[in-house]
Structure formats: structure tokens, C-alpha cells
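Structural features, examined
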2 protein chains.
Amino acid sequence: MVKKAVTAASGLAVGFLAATVFFGNFSGPAKTTTTAASAKSNAEKVYVPFGQKDEYYLFASGGHSGQLFVYGVPSLRQIRTIPVFSTDSATGYGWDEETKKMLGGYTWGDLHHPAFSETNGDYDGKYLFATDVANSRAAVLDLKTFTTKDILQVPNTSGPHCAAFVTQNTEYLFLPTRFSVPLGSKYESLDDYSTKYRGVMSAVTLDKEKTKLNVAYQVALPPWSYDLSDAGKKESADWAVMTTYNTEEATTNLEINASQADRDYIVLFNWKELEKMVKEGKYEDVGGQKMIFPEKQKGGIYLVPVAKSPHGVDVTPDGKYFIASGKLAPALTVFSFEKAMEAVKKQDFSGERNGIPVLKYESVMEREVNPQNALGPLHTQFDDKGMAYTTMFISSEVVKWNPKTGEVLDRVPVQYSPGHSSAAEGDTVAPDGKYLVSLNKIAKDSYLSVGPSHPESMQLIDIAGKKMEVIQSAPVNPEPHYAQMIKADKIKTINVYPKDENNPLATYKQDQARIERKGNEVHVYGIAMRSKFIFDSKAKRQDVIEVNEGDHVFIHLTNNDRDEDITHGFAINKYNLNIEVQPGQTNTVEFTADKAGTFPIYCTNFCSALHQEMTGYFLVKPKQ
Amino acid sequence: MVKKAVTAASGLAVGFLAATVFFGNFSGPAKTTTTAASAKSNAEKVYVPFGQKDEYYLFASGGHSGQLFVYGVPSLRQIRTIPVFSTDSATGYGWDEETKKMLGGYTWGDLHHPAFSETNGDYDGKYLFATDVANSRAAVLDLKTFTTKDILQVPNTSGPHCAAFVTQNTEYLFLPTRFSVPLGSKYESLDDYSTKYRGVMSAVTLDKEKTKLNVAYQVALPPWSYDLSDAGKKESADWAVMTTYNTEEATTNLEINASQADRDYIVLFNWKELEKMVKEGKYEDVGGQKMIFPEKQKGGIYLVPVAKSPHGVDVTPDGKYFIASGKLAPALTVFSFEKAMEAVKKQDFSGERNGIPVLKYESVMEREVNPQNALGPLHTQFDDKGMAYTTMFISSEVVKWNPKTGEVLDRVPVQYSPGHSSAAEGDTVAPDGKYLVSLNKIAKDSYLSVGPSHPESMQLIDIAGKKMEVIQSAPVNPEPHYAQMIKADKIKTINVYPKDENNPLATYKQDQARIERKGNEVHVYGIAMRSKFIFDSKAKRQDVIEVNEGDHVFIHLTNNDRDEDITHGFAINKYNLNIEVQPGQTNTVEFTADKAGTFPIYCTNFCSALHQEMTGYFLVKPKQ
């Protein structure tokens, strides 16, 4: 039965030149040629004069920087780096107690796929989710402040690469893993890979009241690699899909061994069904988590054969189809949710794989599309007319096509090797059809050289007309993988942190600034304000902190400037610490005064003409 | 005698509205108005179409990010963040042994003033220097690779803010400190500030053979704050200047107390004289450093009165003048090196301050310039015609003027509160006169909001014509202070790290990849190449490392892809480590296998179509 599924999909597998696979087909597509006339018009299209603002925010993953990059579109100017999984001294992220605790002992992460919260399948501009492939975490950011509010260490999980994608009312974000490991990361021989290793998908919920993430349940999937996922929309809203590779269950040299079979699978699951199973107790406890084992708890999860090593799987805005392709193949496949649901209903399976029913490729496939000489389809985005835009990694281009007819409408070269792309509101039920950003993996010689390692590259494509036009190229720090683009007016930021009179660590009145000692603990309730520090309102020198060597010091600092953008920093020379307090905010830094001597304190974030004078001293009396 | 100096300079002090000082005069200057026609032409001026490259590199300090930001000009696109003083997971900086050791236990820094190496007063494109205000370090970057090669912990020093500026053949970079502390940062009461605290200037040299920094000698300056410095040029090449503030020697509330006196000083010194003193043994040993005490070793150091709280001091390209201004004042002062040298020769002093001779303001001053209603001159750059461009922090504008006549030629508003500016080749003997970048401290509402804390802002000004024109605005991550702009063709990067057959840690041949155990030390001599890891060429699974819990593990990884831009990463899931190996490079990561279990290894830096398959496993056998 399994054999049949293989046969059905084998027509999709294609030969390819090893050389192009290893590095992309650089000599292939012509470079974007820009005549003087078109450069003029492109320049105007992307230029945002002072006094005007960009139309869209682009939130791009920062990969192994661990952070999130925020750009304006169409200018492609980077507005902000938001620290998420790695420490960031520019904002004191990982130094103040709240963020240090949130990072859970880790100092870096590998942020792959950001996803906005959604209401009725539309980005609602409230939260952004992201996952860390390196240290198996998930995060939620509050878009009122553009800050990370919670980080969840996802148990039983190794590299939640193909997340986060959220359901259409943010009921769940699903986090399937790129790597398979023994449950709980126990030590097991790789000889027992097929029996003892598993991929795990976690269903995570957001507690909006507390802005906290929680694992609702997990699913122990076969020991394959899960690459990308997408949630259904409208009629397919209860469903989600994710791609797999290494269904060969190879344990070494995946470059060769994970591309042996002609097909891998799309995992198709109904999360309402899984929710029901959990309610009915159809799970096992694994390290405190509710784990569904599909081979034991039947239903809700199915496999759809697809050309080998697919990367993206993308649901069309109308929720009717999902598109996936073998990443080394030329062909794109459109699958029908309706057909899939029908096949599930009829139990029209070709057999099982690892205890999970396999649907027949031909029962679920709607159409195959094969743009001539295009190679390496990775990821598909959509416009307002339902047209699809697929990045071709190997042939370095974006292909515009019609998922309803299979007609190829346009192709445009990008420089070079595009991974994902992001269309304006492109993952919603109603994309805007204005811009597409191609996230290119290799910049080659596009920009001024910065040594042996080059920047990545983003290119902005105008997709409003019939023909696509690449209108801007911008270098990018390593390394964006996925991005989402949202209409700027959907995000409502606050200007100043509201006063919290219940916060015992906050000091809002100058005469309450004080230093309290409890044994060898010293608590400073201090104020930062233009252009001075007040640590002790009663002292001869209000901006001086004096402690004894070995004291355990807590600085609770409140920024009493209630004006937008007046952020203060707090650093002690040679003490390797820096925190920031944004307008109205209170933060704490805790450390041991382990170096005796005289150390200047200063504000690290420019705040006024007298910022340079915003200093003090940290005096540490030596032990006798 | 001191009193006389005060009187001489007092004419420069000006009243100002407290409100404007505290936050800059936001309501003052009109915003740059951009008509449709001028927007068109500005758009074209800054647009660099694909296939073309920027004309200049701009190297901007990243402030408390600890890093250096590299931009292209005129596009203002950020090409690279180079990690210098803070860890950076995107490049594994601070994880591999070489950079971890270089960081010296610190995980962040506050990078203020980058400076290129010079030959004959011209940027030679070879090295870049930078200093860390937070943890008192200096760094040198090699521009062949755009990487940090050495970090020097500067002894006896607290916050080398007003550096680095280099002499015209890179004989020295001078690092004077922003803060005064007791020598060696010993614990001393602030009541003894005037007698026991000192500012220290370090003269640092570069060993070009080893790309290492060394302290040649130090000078124990009065307990004041030193803000900015510049080296002389041509006829003034043996001299250097630096600004001071808090010559009041206030120890608290500097916002008020460091602005009491009407004047501060420019410290004028002859480094050839200081060099001679050192040769003659006219110094004391302080913690192993050669420390000159000017009150004891007379000569070579002089004070020039200047309006209170100056920030920048800038030597004109012809080396004839230095320009400095009180940062709260409206007036700019041009001082003459020739007059100063003459006064020194004649010993025409008004007296001494802290044992250092004070020159008479009127003997050294060439002219005062007072642009109407301009406030807050901070820093001056130059064009090819010798014209000066001064940023006005409080009135938020750039003023173009002629240092030889004092004529004010043009003024242009910038948004908002410019600190430094950087002209094309602006600190050399021959500026290009093409562009000026204004580094603005406050973006206000210039860009899409990213919460209570906004980005900083850079603005590009076309200075080629008679009138200045602001042609581009770009948001910036916190927080550029100073920048230097160099013609792109001056920098010659390498594409691939050369093979080093003498490096015992490098593995260039696949069959030499091996794992060696010495007691509980495990040394992996591994290879990263598209698209796999080879850790042990003889093993059944070449991409697997198996150790025992508690083992001390060294991974020596060589990137055997000798192609430009094919950088590989190496991370172990949940082990909180990531290093990169650029093409041809060998790096080591050292850690203890303190978690038993099964942990995926993967390449973190996108390298090929099969990057996703470039994985392995780290198996840690639990202790019995």
C-alpha cells in the first residue's frame, strides 16, 4: 500500500544537475537590467520623502542573530531590531531581570518564522509569534511596545523550525520540529532511530490576559524532519498542513540519504479533532505534556504524498487549496482541501506509513504546474486576485501563476537564490496585492564587499500590475528566513509606559528615591530623568551608590520622563552591565559587587543636550 | 592668572532657554519641505539600481549595541553589522575561542568613535579603530575581512570616550577618558576628587605585523571629563587637541554643576614632545604603565580656554586651525595652530591650571563666528573647498560656513538634534566635498512607530553645490555617535581565507577529519562543506559526535568551501552555542558536555539548496 503512494507521486520527481543544486544556478537568469528610464521610476516608487511614512511594516526573522528585523515598505529601510532570543546590549535585553529570566539561561537563538496573530484570518496587528530552532523555544511579542513579552521553552522538542503559523483566530500556533530526537532528548543510539526517535508537533496557545504562551498538547510524529506549515482558512479553518522530508529516516549524510525516495509527505491534520482527542483523554503523559501518539489514537492526522523534499506548503487565501512542491523539482502541485476532506470521509487511503493513513496523491491533487526551466520552488505567496507567486531557489526567480488554471503569467529574476517571499498581507484571507519581498539567500556581488562573508539580500517587487517589477534591492544582516508584511495602520503602539502604582519597584516621586540595605542585599529605588540619576534623594550626592565589596545589589530604575522616545540607559563602567528604561518604564538589574573600587555610572542612551552629564559613581568599599 | 583666562573666555558664554537645552528646539526649525519635483530628484540621487554599487562606505559607531554599522552612501542601506565589543550570535562572535578570548569576559561594550588608519593624513582603507566607553577597551578591525582582530583592555582608564583619532601616519591613536577615577580605579571618597581622581589619556600604537594594539604611554590629566579629540595635520601633525568639560571638578549633579564656569579648555599637546619625555624616562610606573604627570614633567601639554562644555574639536584639512565651541553656545571659535605654537614658544601663558600652562584665549583665537539664532554647535566636518559644516544640536540644523572668513554660507534643518556628522573623507587632509551624513539623536515621528522608544536617524546631505540639500533620511538602530566615510575603492577585501598549513587545528582534507580523545578531553578536527559536516572520516556516521557526560569538548571546524560567501554555521541544539566559519576559515568552540542526551547539530548559515540537510547529532552518554 505504501508502495502505491510512492508510485503515484513518483511522476513528480525530476532529475537535476548536481551543480545547480549545490549553489543555485548563478549563470542562468539574466540580471535585472535597469535602463536609466526605469531606474528613475523605480527610485520614485521606493523613496519615502521626509514627512511621509512607509505603507507597510515588514517583520523579518533574523535567523541566528536570534532577533526580529522590522523594515518599512516600500523603502526597505530597517526601522528596528527587536531582541527576542539573543541578548542585545543596545536595549539591555538579557541584562534586566525580566528579560534575563525570559531568556532562561540562553544567550542566543535562531529565529526562523515570525507570524502575526489573526482575527478572522486577517492580521490583527496585536501580537507576533516566533520560534527558536536552536534552543527550542517560542516567543510572543506585544506590538503595542514592540517588545518580547514571553518565551516558552517547548518541552519534548528539538528545533521547532516550521513554525509559527497561527490558526485564523489565533486559537493555536503549531510548532512542528525540524529534527527528530528521542522523547525528552534522552540518549539513544542512532541505530534505533526509527523506533526510538520522534518528531514532535506542539499546539501552543496564547493567554492574552497575561501575554503568556502555554503548550496545550503535543503530537508524537514519525521520526522525520518537518519543514514548513500553514493553517487552513475559511472552509479549511479547522485544518493545517505541514511538509516533511527525510521520510527515509536516514541518520547520516542527509544531503544524499534524505533524497533517496521519490516522495515525501504533507501532514494534513484537523486540529479540532486533536482538541477533541485531548478532551477525551486520548493521550499519554510525556514529561508532564499531553502527547498524542497517532499510531495509537487514530484519526485527525493524514499524509498526502508530495514530490521529495518539499519546503513550503501554503494555503490559498480562499482556503480551498494548499500548494507544495519538491524543493529540487520544477513542478508545483495544487492540492484541494475539499478533495482531501472527501477522501478522509471515504477513508480512501493507499495504506499507512508509521501508523498514519496515507491519502492517494491523485485523489487530493488538483493540478500540477510546470513552468519551463524553472527549478527549486520553495514558497508561495498570494495577491488580491488569487494569483500565486512562487520563489524558485535554483533558477533564482519568482514565478507568478494562477492556481485555479495553472497558467504561468510572469517570471522575474531575483539576485540570488530566493528562500521565502512575503507579500503585503500575504498570509491572510485578503492579501493586498501591492508588494512582494523576495528574501534572497545569496547576495554575491550585489553590494559593496564586506569581506569573505556577504550580507543576505531582500528585493522588493511591485506586483500591482500584470508584470512583476523588481524595484529595490537591500542588503540584510544574517539572516532572514521568513517575513510577514502588515499594513502600517493596523499596528497601534503606545508612546509611554503607563504608571503602575501597584509596582513596589517603581519610584515615581523624586523624594522617594532611596537606597535600602537588608544584610548584604542593597536595593536602590532610583529615578532616571533628563539629565540625571537620583538614587538617594536624601544623600549629599544623589547620583552616587556606595556599597561594600561582595554586596548583592538590585537597582530598580524608573524612567520618569513621560515623553515619547526619551529612553535612558544605565551602565556601570567595567561592570559589564547595561539596562534601558523606556519612557515610564521600571526595570531591575541585579548583580554582585565583586570588584572593589570606583566606577562611573552613566546613561547609555542619548536623552538630551546634557546626556553626557547624566552620570554618577558606583563606589565599592574593599573588604578589609 | 587662572582668573584672567576665565575672563578672556567669558565673552563666549551665552544664556539659553533651559527648555531648549533639555530637549532640543523641536518647534524651532521648519521641517524639510519636499515638493513633488524635488522628491523626484532626491529619489534618483540616493537610488542605487541593481548592478551598481554605492560610492562610499560609511562606518558608524553602534553605541551601546557595542558594534559597528557599515552603510553604503548615497543609498544609506546598511550592508553589515560588524561585531566588536558585544557578542553576536549571527556570526558566532563571542562563542568561538578566538573572539571569546578577545572579549576578555565582557559581553557588551559602548562603541563611540570609529577612526580609519591614515597614511599621509589620508584614510588608507586598511584598519579601523574603535573604543568602548563602557568597559574601557580599544579595538582594531582589519578591513580586508571586516572583522575585529584585537581588543585591548586599556589600563588605568575609565571610559575612553573621546577616541579614537589617529595621527596622520597612524603613529598613535589617543584615548582620553570621559570619566575621572582614582588611578587603577581604586576606592577613594568623592570628597577627595580633586586630589585623588584623574582623567587619563592613553597613547596606543598598532603593531601591524601582528594586528595588535599596545599602550605606549599614558598621561595623568586633571580630574575633568574629556569629550572629543582630533589629531593635527600637515604643519600641525605633531600636535593633537581634545575638549574638556567639568573643569569645575564637580562630583555630583553634573547637569548643573559642570556648567558653572564660563569656560572649559581645549587640551593641546605635542605628542612628539611626550614621546621624547618617555624616552628620557620622565614618567612614573603606574600599574606597569608609563604615566606622565604633567604637573611634574613640564612641557608638551597646554590648555586653551574655550566656551563652556565644548563637545567636538576639529582640525581643518590644511592643518592650520582647530574649531571648537561650547555645546550650549551659539558661537563657533576658530583657533590657530600657528598662533598657539607661537604662544607656546614665547611662553605667553595666563597662568596654570592643575599644573598645566594656560594659553591666552585672545592669543590663540583666530576668529569667532556667530550664526544668528543657531544654538548648540557640536561637531564640524569639511568639504573639498575648505568650507566647514557644523551640527547644531539645539537648533537642529547644519550650518555651512567659511573658517577663513567666518562667513555663514548656508543652513539646513535636520530632524532632529544632530550629534556628529560625517563628510565624505571628512577627517582627511583632502575631503571629497560630496556628501555629509548628519547623525541625529532624536527621530521623533520621522518613521513608522516602533513603540515608546524610537530609532535614531541619519540624514544624507548633498554638499556638492553651494546650497546644502537633505536628500535621504534613514532610521538607525541604537546608537550611532560618530562615523567616518571612505571612498569605496580604497577598501580591498579578500574573498576567501588563505590556507594555513601550519595551523594544527585546521583540517583541509576529508580523510583527516577525526575525533581524538585525551582523557576527558575530546578534540574534533572537523570539516564543514556544502552540504555536510565531516567530524570523523572513519566512522559509520561521519556527521555524528559522541562523547560522555562531563567531557571537555573542542570542535575545531574548517570551512573547506573556498568560494566567496559560502559561510557555514555550527550549532548544537539546546547547547547554547553557535560559531561560524567563513570560506577557508578554521574556528574552535570549546565547551563541557554537561547535558546527557541526543542533540541535533546543524549548519546555521544558509549555504546551499541542501543547507537544511546539513545536520548531524551530538550524542552525550549519561554518567552511570
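Residues numbered from 1 in each chain as written. Chains lettered and ligands numbered in written order. Predicted model: local features only at pLDDT ≥ 70, side-chain atom pairs only at ≥ 80, totals over all residues. Heavy atoms only, no water.

**Re the sheet that holds strand E2 (residues 68-73) of chain A**
Residue and element names in this part refer to chain A.
- Spatial strand order, E3-E2-E1-E33: four strands in an open sheet with antiparallel pairing. Strands at the two margins of the open sheet, each flanked by one partner only, are strand E3 (78-82) and strand E33 (483-487). Each neighbouring strand pair of the sheet contributes to a mean axis angle of 20°, computed without reference to strand direction. (Pairing = 2+ DSSP bridges. Helix = DSSP H or I, 4+ residues; strand = E, 2+ residues; numbered from the N terminus. Axes fitted to C-alpha atoms, helices over the stretch in contact; angles between N-to-C directions.)

**Some words on the environment of B:Val399**
Residues and elements named next belong to chain B.
- Tracing the backbone through its elements, the reader meets Val 399 in strand E27 (residues 397-401).
- Through-space distance from the C-alpha of Val 399 to that of Thr 167 is 27 Å; in sequence the pair is 232 residues apart.
- Discounting chain neighbours no more than four positions away, the residues touching Val 399 are Pro 371, Ala 374, Ala 388, Tyr 389, Thr 390, Met 392, Val 408, Asp 410, Arg 411 and Met 468. (Contact = heavy atoms within 4.5 Å.)

**Section: the interface of chain B and chain A**
- Every contact between the two is made by 153 residues of chain B and, on the other side, 154 residues of chain A.
- When chain B packs against chain A, close to 12900 Å² is buried across both sides, 54% of that on carbon and sulfur atoms.
- If you look at where chain B meets chain A, you find six salt bridges.
- B:Asp191 is paired through a salt bridge with A:Arg541; the nearest N and O atoms lie 2.8 Å apart.
- Inspection of the chain B/chain A interface yields 98 residue pairs in polar contact (both at pLDDT 80 or more).
- Taken together, the residues of the side of chain B that touches chain A break down into 66 nonpolar, 56 polar and 31 charged. (Buried area = accessible area lost by both parts, 1.4 Å probe. Salt bridge = Lys/Arg side-chain N within 4 Å of Asp/Glu carboxyl O. Polar contact = N/O pair within 3.5 Å; in protein donor to acceptor, adjacent residues only side chain to side chain. Nonpolar A, V, L, I, M, F, W, Y, C, P; charged D, E, K, R; others polar.)

**With respect to the pairing of strand E17 (residues 289-292) of chain A**
Residues and elements named next belong to chain A.
- When strand E12 (residues 212-221) meets E17, the two strands line up parallel, connected through two bridges. In the strand pairing of E17, Val 219 is matched with Ile 292.
- Relative to E17, strand E16 (residues 284-286) runs antiparallel, the two sharing three bridges. Across the sheet, residue Asp 285 finds its bridge partner in E17, namely Lys 290.
- Joining the antiparallel neighbours E16 and E17 is a turn of two residues, in which Gly 287 adopts a positive phi near 55°.

**Notes on the relation of the copies chain B and chain A**
- Overlay of chain B on chain A (RMSD 0.0 Å): rotation 180°, translation along the axis 0.0 Å. The relationship between the two copies is best expressed as a two-fold rotation axis. Considering only C-alpha atoms, the residue of chain B closest to the rotation axis is B:Ala43, which sits at 2.7 Å. (Least-squares fit on C-alpha atoms with pLDDT ≥ 70 in both.)

**Structural notes on the state of the cysteines**
Residues and elements named next belong to chain B.
- This model, assessed by the stated rule, comprises zero disulfides over all chains.
- No disulfide involves Cys 603; its sulfur sits 4.0 Å from that of Cys 607, the nearest cysteine.
- Residue classification places Cys 603 among the buried positions, given a relative accessible area of 0%.
- Given a relative accessible area of 0%, Cys 607 falls into the buried group. (Disulfide = S-S within 2.5 Å. Buried < 20%, exposed > 50% of the residue type's maximum accessible area, 1.4 Å probe, protein only.)

**Some thoughts on the side chain of B:Ser158**
- Mapped onto the elements, B:Ser158 comes out in the loop between strand E7 (147-153) and strand E8 (165-166).
- For B:Ser158, the side chain forms a polar contact with the side chain of A:Asn573, separated by 3.1 Å.
- For B:Ser158, the residues in contact, after removing those within four places along its chain, are A:Asn573, A:Pro600, B:Ser136, B:Thr177, B:Arg178, B:Phe179 and B:Val181.

**Let's talk about the layout of surface pockets**
All names here are of chain A.
- Estimates place the volume of the largest pocket at around 1000 Å³.
- Considering the residues around the largest pocket, the lining is formed by 38 residues, among which Glu 98, Lys 149, Tyr 497, Gln 585 and Asn 587 are closest to the centre.
- Those elements that provide at least two residues to the lining of the largest pocket are E3, helix H4 (97-103), strand E7 (147-153) and strand E41 (586-592).
- Split by domain, the lining of the largest pocket shows at least three residues from each of two domains, domain 1 (2-490) and domain 2 (510-621). (1 Å grid on protein atoms, 1.4 Å probe; cavity = no way out; pocket = protein on both sides within 12 Å on 5 of 7 lines; lining within 4 Å. Points joined across faces, edges and corners; volume = space filled by probe spheres on them. Domains from an automatic or database assignment.)

**A word on the confidence of the model for chain A**
- Counting all residues, the mean pLDDT for chain A is 93, and 94% of those residues have values of 70 or more.
- This stretch, residues 1-39 of chain A, has a pLDDT under 50; its non-local contacts, to residues over four places away or in other chains, come to 79 contacts. (pLDDT = per-residue confidence, 0-100.)

**Points about empty space enclosed by the protein**
- By volume, the largest cavity is sized at about 480 Å³.
- Around the largest cavity sit 32 residues that line it, and A:Thr81, A:Asp88, B:Gln67, B:Thr81 and B:Asp88 are the ones nearest its centre.
- Residue assignment for the lining of the largest cavity shows that the elements contributing at least two residues are E3 of chain A together with strand E3 (78-82) of chain B.
- In this structure, the second largest cavity spans a volume of roughly 390 Å³.
- Around the second largest cavity sit 28 residues that line it, and A:Ser75, A:Leu76, A:Arg77, B:Leu76 and B:Arg77 are the ones nearest its centre.
- When the residues that make up the lining of the second largest cavity are grouped by side-chain class, the tally is 18 nonpolar, eight polar and two charged.

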